[in-house]
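# Observations on the model geometry
So you can see what is in the structure, the chains are spelled out below.
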Amino acid sequence: MNKNRTGSFRISLICGLLLAVVTSCGNDDYKSIYNPDGTASQNPGMFTINLKGSTITDADAKTTVILTSADNKSYAVTPSVATNIEAGTYTVTAVKIPSGSLLPEGMSVTSAGLVMEPSRSDNKLSSLPIFEAAQEELNVQYNNSITKNMALKLMTRRLIVKGALVGADPAAIKDIDVTLSGISNVRLINGDVVTKSIIPRSDNAANIVSYYVDNATQPASDGAFNTSFNLLGINTDATQILRILVTFGNGKTFTYEQNVSTLLASFNTSSYDVSLRLDAIINLGIDGISGTITGWTPGWDEGGMGE
């Protein structure tokens, strides 16, 4: 009888332990499913975001992936890693930028699909690095796993200005300032360059704003100079003017301007993977400054996108 009692006690103990383990596992499994921000998920599903098609070869490039829910709650997630999240519909926005590069302060890539570059009060834009973005909708279902493959694409296109100064001693030149006006500061991730201002202006009923960028450079010993811009796009409702200001060490300046709208007409619609180039020849002879700015012709370096 003692043996039977002992056996019954052992069976009861084992069953109790098994029940406790099963109950504990069930509770732990439930409690261990969290959203990316650390909050508990009530109806979890799983997703993986894979980013494809990048032309940024920098192995240390920074990639940011943000999920935005229907109620505008945002989650930062890691690409190519399976992640749990509350079931629902999300907007996935991914941005990739080379290491050591930064977007200008105040620049935004929104869940509405807009890339917006801030400007100064005089409509000057900051210098942009190359960067890529992608945006798609993600539907996460309870107790299911989904994989979303997204294609990154360049948000900026590089404009190269190569030129030569004729009729002046390059050693006497302090710097060359190259300015391009008539560019846009907004584009859609999955659409066109925006030509009109997003924010209405009381002084401009059409909300057409002509932004500009500029770079200072110095000529080589043979008078050649080279600079570049990474642009979201040109404003096709405005005129594109390229201005080259030459400043000598003695303070004397020469300015040459040319309408380059025709040369840049296809800037927004051609592949952003291919740089667009302009060739400037500036003559600083005794008869006054003159020059020509033309499209690229074979003979220059054939490189692709720029830094």
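To start, this report covers the structure provided alongside it.

Rules used throughout
Residues numbered from 1 in each chain as written. Predicted model: local features only at pLDDT ≥ 70, side-chain atom pairs only at ≥ 80, totals over all residues. Heavy atoms only, no water. 1 Å grid on protein atoms, 1.4 Å probe; cavity = no way out; pocket = protein on both sides within 12 Å on 5 of 7 lines; lining within 4 Å. Points joined across faces, edges and corners; volume = space filled by probe spheres on them. Nonpolar A, V, L, I, M, F, W, Y, C, P; charged D, E, K, R; others polar. Pairing = 2+ DSSP bridges. Helix = DSSP H or I, 4+ residues; strand = E, 2+ residues; numbered from the N terminus. Axes fitted to C-alpha atoms, helices over the stretch in contact; angles between N-to-C directions. Phe/Tyr/Trp six-rings, centres within 6.5 Å; stacked < 30°, edge-to-face > 60°. Buried < 20%, exposed > 50% of the residue type's maximum accessible area, 1.4 Å probe, protein only. Lys NZ or Arg CZ within 6 Å of the ring centre and 35° of its normal. Core = buried A, V, L, I, M, F, W, Y, C linked by side-chain atoms within 4.5 Å. Contact = heavy atoms within 4.5 Å.

Tallying each qualifying case throughout the model produces one cavity of 30 Å³ or more. In this model, the largest cavity occupies a volume close to 40 Å³. As for the largest cavity, its lining consists of Glu117, Leu125, Ser126, Leu128, Ile183, Ser184, Val213, Asn230, Leu231 and Leu232. The class makeup of the residues in the lining of the largest cavity is six nonpolar, three polar and one charged.

Moving on to the sheet that holds strand E15 (residues 211–217). One open sheet accounts for four strands, arranged E15-E12-E17-E18; its pairing is antiparallel. Of all strands in the sheet, those with a lone pairing partner are E15 and strand E18 (253–259), marking the two edges. On average, each strand axis in the sheet is tilted by 15° relative to the strand beside it, whichever way the strands run. Examined bridge by bridge, strand E12 (residues 173–183) and E15 share seven bridges and lie antiparallel to one another. The partner of Ser181 across the bridge, within E15, is Tyr212.

The next thing to look at is the packing of aromatic side chains. With the rule as written, the count across this model stands at three aromatic pairs. Note on Phe248 and Phe254: the rings are 5.7 Å apart at their centroids and 75° apart in plane angle, and the pair reads as edge-to-face. For Phe248, a relative accessible area of 12% corresponds to the buried category. When the ring centre of Phe267 is taken as reference, the NZ or CZ atom of Arg157 above it lies at 5.1 Å.

The next thing to look at is the nonpolar core. Core analysis: the largest hydrophobic core is formed by 36 residues, its most contacted members being Leu159, Leu180 and Leu264. Looking at this core, the element that brings in the most residues is E12, giving five residues. Residues contacting Leu159, with those up to four places away along its chain left out, are Leu180, Thr227, Ser228, Phe229, Leu231, Leu264, Phe267, Leu276 and Leu278. Core analysis: the next-biggest nonpolar cluster, separate from the first, contains 15 residues, Ile49, Ile85, Ala94 and Val140 among them.

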